[in-house]
Amino acid sequence: MLVLAHVSDIHIDGSERNTARAARVLDHVGGLPVDAILLTGDIADHGAVEEYEIARGLVPADVPFVLCPGNHDVRENLRKVMLDGTEDGPAASGPVNQVLHLQGATIALCDSSIPGRHDGLLGDETLDWLDAVLATAPDVPAFVGMHHPAVPLGIPYVDEIRLGEPERLAAVLARHPQVVAVLAGHAHTGAATTFAGLPLLVAPGVVNTALTPFETKARRPIDLDLPPAVALHVFDEGRITTHFRPVG
């Protein structure tokens, strides 16, 4: 059995509130027997070095973790602090794609961020990287993740800035039948749907919760009072089951 703690949208901004909410979730999952922690973007709210330094200090040191950027992240600063990066120039600003090889599973997180924009896209470099990663272990179950969901979720202002050109991702996934599920963040709500014939599992927001239009008439329906939450993906006997857990 494989257990993945999927955390997203912690939006560290230096405030006590956001740091405390992120700490609650990461302390909680760090105390569970999880095989890895996945951070699917918007780790920092403004992409500042100081925000990543706070975030890095919250991630449990004894649990494998893998991450990808979101639309609020800055690649150079994320790479420098969260990944101990030393690249300069174009390499530092290139896509932050990461793979984690666990016993019995491959976790590939793709950079869907577009610097300076809030919508998402998987560029040629990233799609080629993903294709190669999946091709190296065709018999190992794989999980593919990114920040931006590839399909509408019924929250209009989020759907307007979802992943662009999702058919290009679908074409890659079609070549690799070992992919179990697609993971995402960005929407600030726990959600489960399908994409390219696979489960698409969206982690809840830590900083706040986005609501659907039928729950509120607000244009940007954000609930600041609901507790932060995490998705726990359990893969056992070839089946993926996701539990969404608020952390009080």
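Note that this is a predicted model, so its numbers are computed, not measured.

Trainee: Tell me about the sheet that holds strand β2 (residues 36-40), residues and numbers included.
Mentor: Read from one edge to the other, the open sheet built from 5 strands follows the order β3-β2-β1-β14-β15, with strand pairing classed as mixed. Looking at which strands have only one partner, the edges of the open sheet turn out to be β3 (65-68) and β15 (239-246). Pairs of neighbouring strands in the sheet enclose a mean axial angle of 20 degrees, with direction left out of account. In terms of strand pairing, strand β1 (residues 2-7) meets β2 through 4 bridges, oriented parallel. Residue pairing across strands places Ala5 opposite Ile37, the latter belonging to β2.

Trainee: Go over the packing of helix α2 (residues 49-58) against helix α3 (residues 75-82), please, and point to the residues and values.
Mentor: Running from N to C, α2 and α3 point in directions that differ by 35 degrees, and their axes come no closer than 9 Å. Where α2 crosses over α3, the handedness of that crossing is right-handed. Each of Val49, Tyr52, Glu53, Ala55 and Arg56 in α2 lies in contact with α3, whose residues at this interface are Asn77, Leu78, Val81 and Met82. Taken together, the residues of the contact of α2 with α3 break down into 6 nonpolar, 1 polar and 2 charged.

Trainee: Can you lay out α2 for me, pointing to particular residues and giving the numbers?
Mentor: Within α2, the full set of buried residues consists of Glu51, Tyr52, Ala55 and Leu58. Buried residues of α2 fall within an arc of 115 degrees about the axis and therefore sit on the same side. Of the exposed residues in α2, those oriented more than 90 degrees away from the buried face are Glu50 and Gly57. Those residues of α2 hidden inside the fold are in contact with α1 (16-30) and α3.

The rules behind the values
- Residues numbered from 1 in each chain as written.
- Predicted model: local features only at pLDDT ≥ 70, side-chain atom pairs only at ≥ 80, totals over all residues.
- Heavy atoms only, no water.
- Pairing = 2+ DSSP bridges.
- Helix = DSSP H or I, 4+ residues; strand = E, 2+ residues; numbered from the N terminus.
- Axes fitted to C-alpha atoms, helices over the stretch in contact; angles between N-to-C directions.
- Left-handed = near helix turned anticlockwise from the far one by under 90°.
- Contact = heavy atoms within 4.5 Å.
- Nonpolar A, V, L, I, M, F, W, Y, C, P; charged D, E, K, R; others polar.
- Buried < 20%, exposed > 50% of the residue type's maximum accessible area, 1.4 Å probe, protein only.
- Arc of directions from axis to C-beta.

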